[in-house]
Amino acid sequence: MVGPANGGRTVTSRQVLSVVNGGQDPVMRVGPASIASSDCGGTEFTREDVEALLSERIKPKNKFSLKEKCDVMADYIKRLKMCIKWFQELEADLLLEQDKHWKMLETAEKKCNDIEMVMGQKEEELNSIIVALRKNYTALQEKLAKEESDKLAAMVSLNKEKDARLSVERSQAPIKEELERAQRESSSANQKILSLNDMYKRLQEYNTSLQQYNSKLQAELNQTNEILKNVEKEKVAVLENLSNLRGYCTSLQDQLTATKVGESNDEAMKLKDALASEVGCLRLDLQQVRDERDRQLSHVQELSVEVLKYKELTGKSADELRNLTTKSNELEARCASQSDQIKQLQEKLDAAENKLAMSDLSAYEIRTGYEEQKRVNSELQFRLDEAELKLVEGEALRKKLHNTILELKGNIRVFCRVRPLLLDDAAEDEPKAVSFPTTTENLGRGIELLQHGQKHSFVFDKVFVPESSQEEVFVEVSQLVQSALDGYKVCIFAYGQTGSGKTHTMMGTSGNDDDKGLIPRSLEQIFESRQTLQNQGWKYEMQVSMLEIYNETIRDLLTINRPGSTEARTKQYVIKHDANGNTHVSDLTVVDVRSSREVAFLLNRAAQSRYWHT
């Protein structure tokens, strides 16, 4: 837009907003309004009426009649006055409407600035909330990962415990079988022990009875021995008596022989019969004693044999009893060891069951905590999605408001920058050729040139005085850079004669940060915004291409070929437009960049390839 125009003005909105407005480009027309309250009786003049009025030729019916000619001229003058008055009133109304529009524009700019500040604050708050939520989300993810690892470890330990429990149960089954077998053996051993105890008791009783009978036999044997001794004594006595009798018999025989003569045979026979009967009686008694002795001896032998049998039976029973006792002790020791092993296995089984219960409880707690953490994470994710949605909506609203502000300022803006006068430009005694009006309407927007004593006034969107710095110029352009980051097409170019300061404005002075031009500052803003937006999840890819049009010829400034080479001269570049309204040049070198330093290097490289440099 070139200055505030007087009269009708058409401002076409940007192409990007045509999508928002339903695909139609809105057109704002400011034209002459109807003046119902004018002195012309509500008469309105169109362009055709004015052209017809100006091209109208006065032709009176009677060209020789002066009065009629004067009346026609008076009517024509009256219509001209009405037209002039209508245009003056229209101009006044347009000025009022222009002032009103300027006031509305200033109010809208103020509101937009306020809204932009509020949106910036909200954006900072949302960014801080998003950063906090992301930190919290990261911490929760780490905590969740840790809990999942703990859960996996717990599950692994639980599986190990289950496997151990299964192995214990599998090993417990044969142990139980062995225990049952041992119990059966123990019960059978107990029964055997009981039967052996009974047998032992019976054997003890039998042994006692045998001992009693043995003692009885021993007593009888003693009595028999005493009887035998008595019998021996009696035998000895009988033998002595017999010897005495024999001696007596011999004496008697001697006496008989001696007295054969003197005694008679009758007395000898009587004595002989008496002695023979006495000897027979003694022999009978001796035979009875011998028979009794033999009987007693046989009885003693029988008793001795029986005692030996009883002693053998008692020894066998004692050996069997000792063997049974030893086996019973071994079975009792084995049962005790198996009972201890069963107790240990039972304790291990109880410990494993307790550990399994604790693992189940821990797994349940971990599962509960995991579900709770999952719920918290889902809630935080929902809040994060809401915050991101609000951020996206806020960003869209910011873009829309920013674009609206730029549209209110004008889609096409023309700035004028006046460079300081050099020593060779003018003499000291010459009057000042450039001046800047100080009226409220044209302050900072107007410029006046004095040439050959005649003053020429111009009005622009912004006029930069010679004392304006590069920073002040960039401030007016920075919003367009932000609009380019928002996705709108932006073009900034400098126009002027040689030596007017175009390169200084666009590029600045190398090595001096304060004198950096629009291009370095715009690149710095672009890469700073890229870094800020990358932290919010945005991803930008930057590509740079540079060309020069000299004498209607396109030259690629980033090509690796030398500017004067045959390939560079023969290569043809064609400007193409696609269906989306994008414009590009075919076969142009495109370089991916990631920092402003790379772009600065490419700018220096392009500057070395320009025609005026070669």
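Before going into details, it helps to say that this report is about the structure given with it. This one's a predicted model, so the numbers in the text were calculated from it and none came from an experiment. (Residues numbered from 1 in each chain as written. Predicted model: local features only at pLDDT ≥ 70, side-chain atom pairs only at ≥ 80, totals over all residues. Heavy atoms only, no water.)

Moving on, we get to the overall build of the protein chain. A count of helical and extended segments in the protein chain gives nine helices and 13 strands. Looking at the protein chain as a whole, 24% of its 614 residues qualify as buried. Intrachain contacts of the protein chain at a sequence separation of at least 6 include 65% that bridge at least 24 residues. Of the roughly 43,400 Å² of accessible surface on the protein chain, 54% is carried by carbon and sulfur atoms. (Helix = DSSP H or I, 4+ residues; strand = E, 2+ residues; numbered from the N terminus. Buried < 20%, exposed > 50% of the residue type's maximum accessible area, 1.4 Å probe, protein only. Contact = heavy atoms within 4.5 Å. Areas by Shrake-Rupley, 256 points an atom, 1.4 Å probe, with all protein chains shown as cover.)

Glancing now at the nonpolar core. Counting 23 residues, the largest nonpolar core has V544, M546, V593 and V599 as its most contacted members. Contributing elements (two or more residues each) for this core: α5 (470-485), α7 (518-535), β8 (542-544) and α9 (596-609). (Core = buried A, V, L, I, M, F, W, Y, C linked by side-chain atoms within 4.5 Å.)

Let's shift gears to the packing of α5 against α7. For any two helices packed against each other, one specifies the crossing angle of their axes together with the interaxial distance. At a minimum axis separation of 9 Å, α5 and α7 run at an interaxial angle of 45°. On the basis of the axis angle, α5 is oblique to α7. The handedness of the crossing between α5 and α7 is right-handed. Residue-level inspection shows Q470, E471, V473, F474, V477, S478, V481, Q482 and L485 of α5 in contact with α7, the latter providing L518, R521, S522, Q525, I526 and S529. Taken together, the residues of the contact of α5 with α7 sort by class into seven nonpolar, six polar and two charged. (Axes fitted to C-alpha atoms, helices over the stretch in contact; angles between N-to-C directions. Parallel < 35°, antiparallel > 145°, perpendicular 65-115°, else oblique. Left-handed = near helix turned anticlockwise from the far one by under 90°. Nonpolar A, V, L, I, M, F, W, Y, C, P; charged D, E, K, R; others polar.)

The next thing to look at is the pattern of salt bridges. Evaluated as defined, the whole model comprises eight salt bridges. Between R555 and E548 there is a salt bridge; the shortest N-O distance is 2.7 Å. The residue E598 makes a salt bridge to R594 at a minimum N-O spacing of 3.8 Å. Judged by its relative accessible area of 26%, E598 falls in the partly exposed class. What emerges from the salt-bridge pattern is a single network uniting E372, R375 and E379. (Salt bridge = Lys/Arg side-chain N within 4 Å of Asp/Glu carboxyl O.)

A few words on the packing of aromatic side chains. Here the structure, examined in full by the defined rule, presents one aromatic pair. Seen in terms of ring centroids, F415 and F464 are 5.9 Å apart; in terms of plane orientation they differ by 85°. Their pairing is edge-to-face. Note that F415 is positioned in strand β3 (residues 415-417) and F464 in strand β7 (residues 462-464), a separation of 49 residues in sequence. A residue is classified by how much of its surface remains accessible, and F415, at 26% relative accessible area, is partly exposed. (Phe/Tyr/Trp six-rings, centres within 6.5 Å; stacked < 30°, edge-to-face > 60°.)

All right, on to the side chain of R521 then. Take R521: it is sitting in helix α7. Of note is the side chain of R521, whose polar atom sits 2.8 Å from the backbone oxygen of K516. (Polar contact = N/O pair within 3.5 Å; in protein donor to acceptor, adjacent residues only side chain to side chain.)

A few words now on empty space enclosed by the protein. This model, assessed by the stated rule, comprises two cavities of 30 Å³ or more. Estimated volume of the largest cavity: approximately 40 Å³. Residue lining of the largest cavity: L196, M199, Y200, L203, S317, E320, L321 and L324, and that is the complete set. Listing elements by their share of the lining of the largest cavity, those giving two or more residues are α3 (66-258) and α4 (265-409). Here the residues of the lining of the largest cavity sort into six nonpolar, one polar and one charged. Its boundaries defined by the atoms lining it, the second largest cavity holds a volume of some 40 Å³. Considering the residues around the second largest cavity, the lining is formed by A182, E185, S186, L331, R334, C335 and Q338. When contributions to the lining of the second largest cavity are tallied by element, the ones reaching two or more residues are α3 and α4. The dominant element in the lining of the second largest cavity, judged by the number of residues it contributes, is α4, at four residues. (1 Å grid on protein atoms, 1.4 Å probe; cavity = no way out; pocket = protein on both sides within 12 Å on 5 of 7 lines; lining within 4 Å. Points joined across faces, edges and corners; volume = space filled by probe spheres on them.)

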